[in-house]
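Structure at a glance
Listed below are the residues making up each chain.
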Amino acid sequence: PIRQSTLDAGRPILPDNVPTGLNRSTQPDVPMSDYTIGIRRTAYVSQAFKDLVESVEPGIHQFFPLTVKKMGRKVIGELFLFVVCQRLDALAHDL
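All of these numbers come straight from a predicted model, not from anything done at the bench. (Residues numbered from 1 in each chain as written. Predicted model: local features only at pLDDT ≥ 70, side-chain atom pairs only at ≥ 80, totals over all residues. Heavy atoms only, no water.)

With that out of the way, let us pick up the pairing of strand E4 (residues 62-70). Bridging between strand E1 (residues 21-24) and E4 involves four bridges; their strand directions are parallel. In the strand pairing of E4, Asn23 is matched with Lys69. (Pairing = 2+ DSSP bridges. Helix = DSSP H or I, 4+ residues; strand = E, 2+ residues; numbered from the N terminus.)

Turning to the sheet that holds strand E3 (residues 43-45), a few remarks are in order. Pairing within the open sheet is mixed, and its five strands lie in the order E1-E4-E5-E3-E2. Whereas interior strands pair on both sides, the edge strands pair on one side only; in this sheet they are E1 and strand E2 (35-37). Going across the sheet, the axis of each strand differs from the next one's by a mean of 35°, ignoring polarity. Lying over the sheet, helix H1 (residues 47-56) contacts E2, E3, E4 and strand E5 (74-83), oriented at roughly 25° with respect to E5. (Axes fitted to C-alpha atoms, helices over the stretch in contact; angles between N-to-C directions. Contact = heavy atoms within 4.5 Å.)

The next subject is the confidence of the model for the chain. Of the residues in the chain, 89% reach a pLDDT of 70 or more, and the chain-wide mean stands at 85. Averaged pLDDT values for the elements of the chain fall to 86 in E1 and rise to 97 in H1. (pLDDT = per-residue confidence, 0-100.)

Applying the stated criterion across every chain yields a total of three aromatic pairs. Their ring planes at 50° and their centres at 5.2 Å tell us that Tyr35 and Phe49 sit as a pair that is tilted. With a gap of 14 residues between them, Tyr35 in strand E2 and Phe49 in helix H1 connect regions that are remote in the sequence. With 5.0 Å between their ring centres and 15° between their planes, Phe63 and Phe82 make a pair best called stacked. One end of the pair, Phe63, is in strand E4; the other, Phe82, is in strand E5, and 19 residues separate them in sequence. No difference in accessibility class separates Phe63 from Phe82, as the two residues are buried. (Phe/Tyr/Trp six-rings, centres within 6.5 Å; stacked < 30°, edge-to-face > 60°. Buried < 20%, exposed > 50% of the residue type's maximum accessible area, 1.4 Å probe, protein only.)

The next point concerns the nonpolar core. Considering soluble globular proteins, one finds that nonpolar side chains tend to be buried as a cluster. Ranked by size, the top nonpolar core spans 10 residues in total: Leu7, Val18, Tyr44, Phe64, Leu66, Val68, Leu79, Leu81, Val83 and Cys85. Secondary structure elements with two or more residues in this core: E4 and E5. Ignoring any residue separated from it by four or fewer positions in sequence, one finds Cys85 in contact with Gly10, Arg11, Pro12, Ile60, His61 and Gln62. Ranked by size, the runner-up nonpolar core spans eight residues in total, among them Phe49, Val53, Phe80 and Phe82. (Core = buried A, V, L, I, M, F, W, Y, C linked by side-chain atoms within 4.5 Å.)

As for its placement among the helices and strands, Val45 is situated in strand E3. A relative accessible area of 0% places Val45 in the buried class. Counting along the chain gives 36 residues from Val45 to Leu81, while the straight-line C-alpha distance between them is 6.5 Å.

Quick look at the structure:
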């Protein structure tokens, strides 16, 4: 389903109020995933995931850097907020 309140609706967003940090509550020695879903289907992705997507669809999607901290203090890494900016026209309009 395409919803206006999610970041996977296929449209770019304005970067004006995009967060720059993320608080992680799990143990810092547990590796961060390449793709993690947050609330409202927000996707947090690694540099490796970003590089892969950019190699297939360069310049189409938005990636906003996020500094990841453990309990708001110690920096433990970096992820990207991933915004899907393309919709597929998969309907058979003649039917």
